[in-house]
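Single-letter residue listing:
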Amino acid sequence: MVIKLWDGFIRGFHWLLVLALIGLWFTGGNLDYIEVFGIFIEFIDVHHKLGLFVLALVLTRIIWGIIGSQPGRFSSFVRGPKAILMYLRNPLKKEYLTHNPGGAIVVLVMLGLLLAQAITGLFTDDAIYFRGPLASTVSDTTVRALTFYHKQAFDYLLIVIALHIVAILVYALLRKNLVGPMITGKKRLTNTASSIPKQIHGGFGFLILAVNLVCIYWWLG
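Chemist: Provide a residue-level description of the packing of helix H1 (residues 8-27) against helix H8 (residues 202-220), including the pertinent values.
Modeler: Following both chains from N to C, one finds H1 and H8 inclined at 50°, their axes separated by 6 Å at the closest point. With respect to their mutual orientation, H1 and H8 come out oblique. On the side of H1, the interface is formed by Gly 8, Phe 9, Gly 12 and Leu 16, while H8 contributes Gly 202, Gly 205, Phe 206 and Leu 209. Residues belonging to the contact of H1 with H8 are distributed by class as follows: 4 nonpolar, 4 polar and no charged.

Take a look at the structure:
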């Protein structure tokens, strides 16, 4: 049986985040610029705008994880310590509709790191080209600490992303396609007794994202 698993917003969030992170990695610490139709665009400014975009994305994903489609809600895949231990003892014993208990931890850690990265970026100061829009609201000591964290923590984020990619490859070797449903939104179930998850149109998620983008760019852009 083939069911609709991931709504349009969840899929859009995933791939927009991938593109934004590539852009952030490329522009982070890069003091170069590009010229577009005679307009000089500093990479640090692009980095700042992309950071605000990721902040809006993550905030929207958190909201959608509470009110969105059933498969994307945190209550649908985040499990307690007992379920996590049972999964770790035998990871392949059970087929999960969405994220398994281990994958759920990775999702939460990644969202937490992304949120921390985006927020600390608002307080950074490289003392040369860029000063975050909220840097003036805290002490110089706090600015230095948050700037240090912001520079170092992206490596932690890359580690989590690498683990995510490794998990996808491992499941692919086990003939379990995790990428396909994130592209098409559909998943084939081996257990036909599984109930069909309730869906909410992904357009509502993009509407929330648009509101968050307007508010964040107005305030911090």
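Chemist: Give me the nonpolar core: which residues, what numbers.
Modeler: Formed by 37 residues in total, the largest nonpolar core has its most connected members in Leu 17, Leu 21, Val 54, Leu 114, Leu 122, Leu 157 and Leu 220. Where this core is concerned, the elements lending two or more residues are H1, helix H2 (43-67), helix H3 (74-77), helix H5 (101-121), helix H6 (140-173) and H8. A per-element tally of this core places H2 first, with 8 residues. Apart from the residues lying within four places of it in its own chain, the contact partners of Leu 17 are Val 54, Leu 57 and Leu 114.

Chemist: Can you lay out the pattern of salt bridges for me, pointing to particular residues and giving the numbers?
Modeler: Overall, the coordinates contain 1 salt bridge when judged by the stated rule. Asp 125 serves as the salt-bridge partner of Arg 131, at 2.5 Å between the closest nitrogen and oxygen.

Chemist: Account for the side chain of Ser 69, naming residues and giving values.
Modeler: By secondary structure assignment, the location of Ser 69 is in the loop between H2 and H3. Judged by its relative accessible area of 1%, Ser 69 is buried. A distance of 3.3 Å separates the side chain of Ser 69 from the side chain of Gln 199, its partner in a polar contact. Contact partners of Ser 69, with chain neighbours within four places excluded, come to Asp 7, Trp 64, Lys 198, Gln 199 and Ile 200.

Chemist: Describe the packing of aromatic side chains, with residues and values.
Modeler: For any two aromatic rings, the description comes down to two numbers: the centre-to-centre distance and the angle of the planes. Following the criterion strictly, the structure yields 6 aromatic pairs and no others. Residues Phe 9 and Phe 206 carry aromatic rings whose centres are separated by 5.4 Å and whose planes lie at 80° to one another, so their mutual orientation is edge-to-face. Residue Phe 9 is found in helix H1, and its partner Phe 206 is found in helix H8; the two are separated by 197 residues along the sequence. Judged by its relative accessible area of 0%, Phe 9 falls in the buried class. Aromatic side chains Phe 74 and Phe 77 sit 6.0 Å apart centroid to centroid with 70° between the ring planes, which places their arrangement in the edge-to-face category. Separated by 3 residues within a single helix, Phe 74 and Phe 77 lie in helix H3, roughly one turn from each other. A relative accessible area of 1% places Phe 77 in the buried class. One aromatic cluster is present, formed by Phe 9, Phe 13, Trp 64 and Phe 206 through successive ring pairs.

Chemist: Can you lay out the packing of H5 against H6 for me, pointing to particular residues and giving the numbers?
Modeler: Here H5 crosses H6 at 155°, and the two axes come no closer than 9 Å. As judged from the angle between their axes, H5 and H6 are roughly antiparallel. Every pair of crossing elements has a handedness; the one defined by H5 and H6 is left-handed. In this structure, H5 uses Val 106, Val 109, Met 110, Leu 113, Leu 114, Ala 116, Gln 117, Thr 120 and Gly 121 to contact H6, whose residues at the interface are Leu 146, Tyr 149, His 150, Ala 153, Phe 154, Tyr 156, Leu 157, Val 160, Ile 161 and His 164. In the contact of H5 with H6, the residues fall into 14 nonpolar, 5 polar and no charged.

Thresholds, definitions, all that
Residues numbered from 1 in each chain as written. Predicted model: local features only at pLDDT ≥ 70, side-chain atom pairs only at ≥ 80, totals over all residues. Heavy atoms only, no water. Axes fitted to C-alpha atoms, helices over the stretch in contact; angles between N-to-C directions. Helix = DSSP H or I, 4+ residues; strand = E, 2+ residues; numbered from the N terminus. Parallel < 35°, antiparallel > 145°, perpendicular 65-115°, else oblique. Contact = heavy atoms within 4.5 Å. Nonpolar A, V, L, I, M, F, W, Y, C, P; charged D, E, K, R; others polar. Core = buried A, V, L, I, M, F, W, Y, C linked by side-chain atoms within 4.5 Å. Buried < 20%, exposed > 50% of the residue type's maximum accessible area, 1.4 Å probe, protein only. Salt bridge = Lys/Arg side-chain N within 4 Å of Asp/Glu carboxyl O. Polar contact = N/O pair within 3.5 Å; in protein donor to acceptor, adjacent residues only side chain to side chain. Phe/Tyr/Trp six-rings, centres within 6.5 Å; stacked < 30°, edge-to-face > 60°. Left-handed = near helix turned anticlockwise from the far one by under 90°.

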